[in-house]
Amino acid sequence: MEKKKSIFSYYKPYKKIFFADMFFAIMASIITLVIPLVVRYITSTVIYYETDEAFRVILKLGLMMTVLILFQCYCNYFIANYGHVMGAKIEYDMRAEIFAHYQKLPFSFYDNQKVGQLLSRITSDLFDITELLHHGPENVVISAMKFIGAFVILFTISPKLTFAAFALIPFMFLYAWFFNRKMKKAFARNRVKIADINAQIEDNLSGIRVVKSFANESVEEEKFKVGNDGFLAAKKDSYLYMGGYHSGLTAFINMITVIVLVAGGILITKAQVSVTDLVTFLLYISIMTDPVRTMIDFAEMFQNGYSGYERFQEILAIEPDIQDSQGSEELTDVKGTIDFENVSFQYEENTEKVLSHIDLHVDAGEYLALVGSSGAGKTTLCNLIPRFYDVTGGSIKVDGKDVRDLTLKSLRDHIGIVQQDVYLFVGTVYDNIAYGRPDATREEVIEAAKNANAHEFIMALPDGYDTDIGQRGVKLSGGQKQRLSIARVFLKNPPILIFDEATSALDNESERVVQESLEKLAKNRTTFVIAHRLSTIRNAKKILVLTENGIEEEGTHTELMKKNGIYAGLYRMQFADEEV
Ligand code: DUT
Ligand code: MG
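Residues numbered from 1 in each chain as written. Chains lettered and ligands numbered in written order. Predicted model: local features only at pLDDT ≥ 70, side-chain atom pairs only at ≥ 80, totals over all residues. Heavy atoms only, no water.

1. Quick word on the overall build of the protein
Then, in step 1: A count of helical and extended segments in the protein gives 18 helices and 10 strands.
Then, in step 2: For the protein, whose C-alpha radius of gyration is 36 Å, the value lies well above the compact-globule estimate of 25 Å for 580 residues.
Then, in step 3: Judged by the C-alpha coordinates and their principal axes, the protein covers about 120 × 50 × 50 Å.
Then, in step 4: Looking at the protein residue by residue over its 580 residues, the buried ones come to 45%. (Helix = DSSP H or I, 4+ residues; strand = E, 2+ residues; numbered from the N terminus. Rg over C-alpha atoms; globule rule 2.2 N^0.38 Å. Buried < 20%, exposed > 50% of the residue type's maximum accessible area, 1.4 Å probe, protein only.)

See the structure below:
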């Protein structure tokens with residue numbers, strides 16, 4: 001387990017700005033408390049001076065208050081500007097930290113996660129956290145200063161009237177607490193609903209081509225309506241409590257004013273307080289009720305921020321189970337022999353083993369084909385070589401070295417993978433090929449494209465290599481995308497290759513072109529080919545037939561046909577299909 005980082009540790013780099021923020025928050029609340037006292041001084045004392053004298057003093061006090069207010073203005077400006085910037089910087093640090101962590105987490109983590117949820121960790125959770133980190137301490141300090149300050153000042157003026165003024169505060173607090181909790185829960189439901197809606201929209205938009213091909217737009221709208229209705233109901237609920245919360249609090253404040261006026265009036269008739277005292281009390285009402293609202297808000301902010309922080313920590317606490325082991329060495333001068341020694345594998349504990357007791361030796365430069373029924377574990381077997389998953393039993397060796405004793409980077413740097421679905425990043429054709437080796441020169445990129453039979457079609461694009469292919473490369477055909485992904489691997493130039501159904505999604509015509517570039521790429525490299533169309537692997541030096549029981553047959557096409565076993569059966573079945 002990684003040790004949990006305290007939430008306070010994120011303030012560390014910004015200690016100075018944090019304390020400055022606190023200082024200005026204290027200053028601003030002191031000024032808020034002082035202004036009514038000046039007013040009181042004028043109404044109780046200064047107005048009884050001689051006219052000229054009073055005039056001078058009032059002007060002086062006016063000037064002093066102006067200065068105070070200007071200073072308070074700066075305080076508020078500092079809090080709003082630099083305080084927020086500090087929050088944003090902390091958010092920046094946390095975002096960088098979680099993004100870097102996402103990069104390290106293995107396939108097994110992503111198998112069980114939704115991208116949308118991982119995204120919201122980075123966006124909304126982090127926002128909640130930094131709101132708390134930035135506003136939390138400042139709110140507590142300001143509220144405490146104002147509340148206690150107002151109480152002490154008013155108490156020295158008139159204890160009786162102070163009790164009258166504060167009598168409703170506990171009830172106001174309870175009321176606010178109750179409604180706020182209800183409101184908070186309703187808002188939490190809102191969030192769940194909106195997250196559902198977002199997930200649904202994302203799912204729909206990613207699959208929009210399927211939707212259209214089944215002409216299922218109205219089905220999708222119906223499905224969407226359920227989520228959208230749920231969201232509306234949740235929102236109505238939250239506004240119910242929000243309405244009660246805000247209107248109730250305002251009523252409380254007004255009631256406090258009434259009580260102060262009534263109690264003050266009675267005390268004036270008994271000559272226990274003066275009119276000036278009453279005015280002073282009225283001026284403090286908003287100052288002493290503000291903290292109630294702020295503290296209730298703070299409670300909510302704290303809940304959101306803290307649970308966001310816990311989710312954030314939860315992710316960071318997940319140790320990538322596939323990482324460089326201690327003393328792992330660099331894989332260099334790779335020949336490309338691969339050995340599976342008694343390899344077993346299961347995706348999760350307590351599930352069936354996908355592979356068990358696989359033994360396999362592949363010579364450097366060998367061209368090896370894997371065939372077998374769907375779900376037999378061909379992809380799984382290949383994913384174990386670059387350690388996308390770790391074996392659960394036995395070991396896999398590259399050039400005689402256990403892959404777990406090699407650094408991940410050097411291992412993966414020497415393995416090239418071409419899959420059925422190609423992911424192209426946002427950017428140009430050039431960027432996407434250069435992804436295979438970011439430091440390659442333009443000549444090398446073009447050379448790779450030529451090798452992959454991609455140069456011609458690239459040159460026919462509007463801006464050639466600098467054509468922006470848009471997200472997911474929608475403007476390219478499947479075969480073209482596949483050739484870009486092959487060019488990527490040509491550029492990477494790895495000694496070990498894995499083709500996982502690289503041509504399965506293509507029609508015969510583009511399959512031939514892609515197949516040609518794949519074969520060119522495979523020359524002198526250890527190559528694993530998984531293919532559904534057996535005709536494409538007829539020339540393989542060795543064909544393995546993988547079934548639920550492990551490797552059942554092994555040999556060349558001719559040998560396996562002669563054996564008249566599973567392979568021969570599969571082959572005849574396909575051949576019959578293709579004949580039709
Ligand atoms: N499996 C999982 N989790 C995964 C991937 C696969 O449990 O993340 C299971 C499904 C299947 C078995 O492992 O029963 C083997 O899957 P694999 O994808 O390796 O099968 P394949 O031989 O590549 O099948 P196909 O020809 O359909 O690609
Ligand atoms: Mg597969």
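What follows picks up the thread again.
2. Observations regarding a nonpolar patch on the surface
Then, in step 1: Residues F23, F71, Y74, Y77 and Y82 make up a contiguous nonpolar surface patch of about 480 Å² in total accessible area.
Then, in step 2: With 4 residues, the single largest contributor to the nonpolar patch is helix 2 (residues 51-104).
Then, in step 3: The topology assignment puts Y82 in helix 2. (Patch = residues over 30% accessible without salt bridge, like charges linked within 9 Å, V, L, I, M, F, W, Y side chains within 5 Å. Areas by Shrake-Rupley, 256 points an atom, 1.4 Å probe, with all protein chains shown as cover. Salt bridge = Lys/Arg side-chain N within 4 Å of Asp/Glu carboxyl O.)

3. Focus: the UniProt feature "transmembrane region" (unreviewed entry) in the protein
Then, in step 1: In the numbering used here, UniProt assigns the "transmembrane region" (unreviewed entry) feature to residues 21-42, 54-79, 140-157, 163-180 and 245-268.
Then, in step 2: Each end of residues 21-42 is marked by a C-alpha atom, and these two atoms are 32 Å apart; helix forms 100% of the span and strand 0%. (UniProt positions renumbered as here; feature names shortened; annotations may be inferred.)

4. As for the packing of helix 4 (residues 115-157) against helix 5 (residues 159-166)
Angle between the axes and distance between the axes: these two values describe a pair of packed helices.
Then, in step 1: Between helix 4 and helix 5, the shortest axis-to-axis distance is 6 Å and the interhelical angle comes to 140°. In terms of their interaxial angle, helix 4 and helix 5 are classed as oblique. Each of F147, F151, L154, F155 and I157 in helix 4 lies in contact with helix 5, whose residues at this interface are P159, T162, F163 and F166.
Then, in step 2: The residue makeup of the contact of helix 4 with helix 5, split by class, is 8 nonpolar, 1 polar and no charged. (Axes fitted to C-alpha atoms, helices over the stretch in contact; angles between N-to-C directions. Parallel < 35°, antiparallel > 145°, perpendicular 65-115°, else oblique. Contact = heavy atoms within 4.5 Å. Nonpolar A, V, L, I, M, F, W, Y, C, P; charged D, E, K, R; others polar.)

5. Structural notes on unusual backbone geometry
Then, in step 1: With a phi angle near 60°, A271 is a residue other than glycine that sits in the positive phi range.
Then, in step 2: Summarising the element assignment, A271 is placed in the loop between helix 8 (217-269) and helix 9 (275-317).
Then, in step 3: Under the relative-accessibility criterion, A271 is labelled exposed at 67%.
Then, in step 4: For N493, which is not glycine, the phi torsion reads 60° and is therefore positive.
Then, in step 5: The topology assignment puts N493 in the loop between helix 15 (478-492) and strand 7 (496-500).

6. So, the pattern of salt bridges
Then, in step 1: Summed over the entire model, instances satisfying the criterion amount to 20 salt bridges.
Then, in step 2: Notably, a salt bridge pairs R533 with E511, separated by 2.1 Å at the nearest N-O pair. Pair noted here: R533 is in the loop between strand 8 (526-530) and strand 9 (542-547) and E511 is in helix 16 (residues 508-522), with a separation of 22 residues, a long-range link.
Then, in step 3: Relative accessible area serves as the criterion here: at 25%, R533 is assigned to the partly exposed category.
Then, in step 4: Residue classification places E511 among the buried positions, given a relative accessible area of 6%.
Then, in step 5: Within this structure, E366, K542 and E554 form a network of salt bridges that share partners.

7. Here we look at the environment of C382
Then, in step 1: One can find C382 in helix 10 (residues 378-384).
Then, in step 2: C-alpha of C382 to C-alpha of V529: the two residues are 147 residues apart in sequence and 9.3 Å apart in space.

8. Let's talk about the nonpolar core
Then, in step 1: Grouped together as the largest cluster of nonpolar side chains are 46 residues, with contacts concentrated most on I433, I458, L484 and F499.
Then, in step 2: The element best represented in this core is helix 15, accounting for 6 residues.
Then, in step 3: Non-local contacts of I458, meaning those with residues more than four positions away in its chain, are made with V429, I433, A449, G464, Y465 and L484.
Then, in step 4: Membership of the second largest hydrophobic core comes to 32 residues, among which are L154, A164, M183 and Y241. (Core = buried A, V, L, I, M, F, W, Y, C linked by side-chain atoms within 4.5 Å.)

9. Quick notes on the pairing of strand 9
Then, in step 1: Counting buried positions along strand 9 yields 6 of 6 residues, so the element is predominantly enclosed.
Then, in step 2: Going residue by residue along strand 9, you find K542, L544 and L546 tucked away on one face and I543, V545 and T547 tucked away on the opposite face as well.
Then, in step 3: Of the pairings in the sheet, the one linking strand 3 (residues 367-371) to strand 9 comprises 4 bridges and is parallel in character. Opposite A369, over in strand 9, you have I543 as the bridge partner.
Then, in step 4: Note: strand 9 against strand 10 (residues 550-555), 5 bridges, orientation antiparallel. Pairing of L544 across the sheet is with E554, part of strand 10.
Then, in step 5: Counted along the chain from strand 9 to the antiparallel partner strand 10, the turn is 2 residues long. (Pairing = 2+ DSSP bridges.)

10. Considering the side chain of Q515
Then, in step 1: Along the chain, the position of Q515 falls in helix 16.
Then, in step 2: On the basis of relative accessible area, Q515 is assigned to the buried category, the value being 14%.
Then, in step 3: Residues contacting Q515, with those up to four places away along its chain left out, are Y367, T503 and T536.

11. Here's the deal with the sheet that holds strand 6 (residues 415-419)
Strands in a sheet are paired, the pairing made by backbone hydrogen bonds, and the direction either parallel or antiparallel.
Then, in step 1: In spatial order, the strands read 6-7-8-3-9-10; together these 6 strands make up an open sheet with mixed pairing. A strand with exactly one partner marks an edge of an open sheet, and here the two such strands are strand 6 and strand 10. Direction aside, the axes of adjacent strands within the sheet are offset by 20° on average.
Then, in step 2: Contacts from helix 15 reach strand 6 and strand 7, with the element oriented near 175° to strand 6.
Then, in step 3: In the packing of helix 16 onto the sheet, contacts are made with strand 3, strand 6, strand 7 and strand 8, and the angle to strand 7 comes to roughly 155°.

12. As for the packing of aromatic side chains
Then, in step 1: In this structure the tally under the stated criterion is 35 aromatic pairs.
Then, in step 2: Ring geometry for F107 against F388: centres 4.2 Å apart, planes inclined by 10°, an arrangement best described as stacked. A residue pair is termed long-range when its members are at least 10 positions apart, and F107 in helix 3 (residues 107-111) and F388 in the loop between helix 10 and strand 4 (393-398) qualify at 281 residues.
Then, in step 3: By relative accessible area, which is 14% here, F388 ends up buried. (Phe/Tyr/Trp six-rings, centres within 6.5 Å; stacked < 30°, edge-to-face > 60°.)

13. Observations regarding the sheet that holds strand 4
Then, in step 1: Pairing in this open sheet of 4 strands is antiparallel, and the strands run 2-1-4-5 from one edge to the other. Only two strands of the sheet have a single neighbouring strand rather than two, namely strand 2 (355-362) and strand 5 (401-402).

14. What to know about the side chain of T547
Then, in step 1: Inspection of the secondary structure puts T547 in strand 9.
Then, in step 2: Relative accessible area serves as the criterion here: at 12%, T547 is assigned to the buried category.
Then, in step 3: At a separation of 2.9 Å, a polar atom in the side chain of T547 contacts the side chain of E552.
Then, in step 4: In this structure T547 touches A376, E552 and I566, once residues within four positions along its chain are discounted. (Polar contact = N/O pair within 3.5 Å; in protein donor to acceptor, adjacent residues only side chain to side chain.)

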